[in-house]
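A look at the structure
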Amino acid sequence: MMHGWGPEDYQSNRHIRKLLGLARATKRDVFYDLGCGRGQLCVVAVTEFGVKRAVGIELHRGRAAKAAAYVEKLGLSDRIEIRNEDFIDSDLRDATIVYCGQYEVEEDIAHFGSELRAGARFVTLFLPFIGVVPTAADYPFYIMELPFKETRDVSLWISKVLFRRATIDELYRELDTDREYRYDKRTFKRIMKERFTDL
Ligand SMILES: C[S@@+](CC[C@H](N)C(=O)[O-])C[C@H]1O[C@@H](n2cnc3c(N)ncnc32)[C@H](O)[C@@H]1O
């Protein structure tokens, strides 16, 4: 996924609840937030959804330290672990729900497809992985259950993204006018061409 610190634009509690509800988080789950910032998703996952464990991965040392101090202050250190590392190197084998709000990069499907166990749910923001059919969605969140279900049918994929049938030009227009989703269109188009052979 795209590297760099990115802005500190964090999800609101209402959005956090929406994404955890969509992923059907329960006490049987182990939740990972890849790029956890202040750690609030892990806190809500544990305190409101009762997940047995949550792990927040944060590359930025200062943010990771702040998140760990916050968790400590709430007395949740036995159930929430904050790791200061790049999530691409993280061991995700015990994860049942993973959230990542970063834009997709080329390797993501192969990487997370082999890193995560069957039945795990991967949650993305704004778009599912290109060519992967989401198993549930409530904009801006998309859930893809493992193993990823890939399709080469661009119309099917677009209909799952926009919740209606649309052409590829209509998809680009929708994405262009989205005020929150500021994407790298060249990368996006390149991946689209690779994944959908009829483009
Ligand atoms: C926009 S914040 C989102 C925080 C939280 N997940 C939320 O949605 O409220 C994204 C965070 O991901 C971190 N990040 C970006 N790339 C990362 C990587 N490869 N490994 C770990 N953290 C990363 C950034 O430092 C930033 O704090």
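Reading guide: rules and limits
- Residues numbered from 1 in each chain as written.
- Predicted model: local features only at pLDDT ≥ 70, side-chain atom pairs only at ≥ 80, totals over all residues.
- Helix = DSSP H or I, 4+ residues; strand = E, 2+ residues; numbered from the N terminus.
- Buried ≥ 20, exposed ≤ 12 C-beta atoms within 10 Å, placed from the backbone.
- Contact = placed C-beta atoms within 7 Å.
- Near = placed C-beta within 6 Å.
- Nonpolar A, V, L, I, M, F, W, Y, C, P; charged D, E, K, R; others polar.

1. Observations concerning the overall build of the protein
- Counting its secondary structure elements, the protein contains seven helices and seven strands.
- Each helix and strand of the protein, placed in order from N terminus to C terminus, yields the pattern α-β-α-β-α-β-β-α-β-β-β-α-α-α.
- Dimensions along the principal axes, computed over C-alpha positions, put the protein at roughly 55 × 30 × 30 Å.
- Counting all 199 residues of the protein, 33% fall into the buried class.
- For the protein, the proportion of contacts with a sequence separation of at least 24, taken over those separated by at least 6, is 60%.

2. As for the environment of tyrosine 70
- Structurally, tyrosine 70 can be placed in helix α3 (residues 61–73).
- Assessed through the 18 C-beta atoms surrounding it within 10 Å, tyrosine 70 is described here as partly exposed.
- Residues tyrosine 70 and aspartate 9 lie 61 residues apart in sequence; the distance between their C-alpha atoms is 18 Å.
- Discounting chain neighbours no more than four positions away, the residues touching tyrosine 70 are Arg38 and Gly39.

3. A short note on the site of the ligand
- Around the ligand there are 22 residues in total, and Tyr10, Gln11, Gly35, Gly37 and Leu59 lie nearest to it.
- Taken together, the residues of the shell around the ligand sort by class into eight nonpolar, nine polar and five charged.

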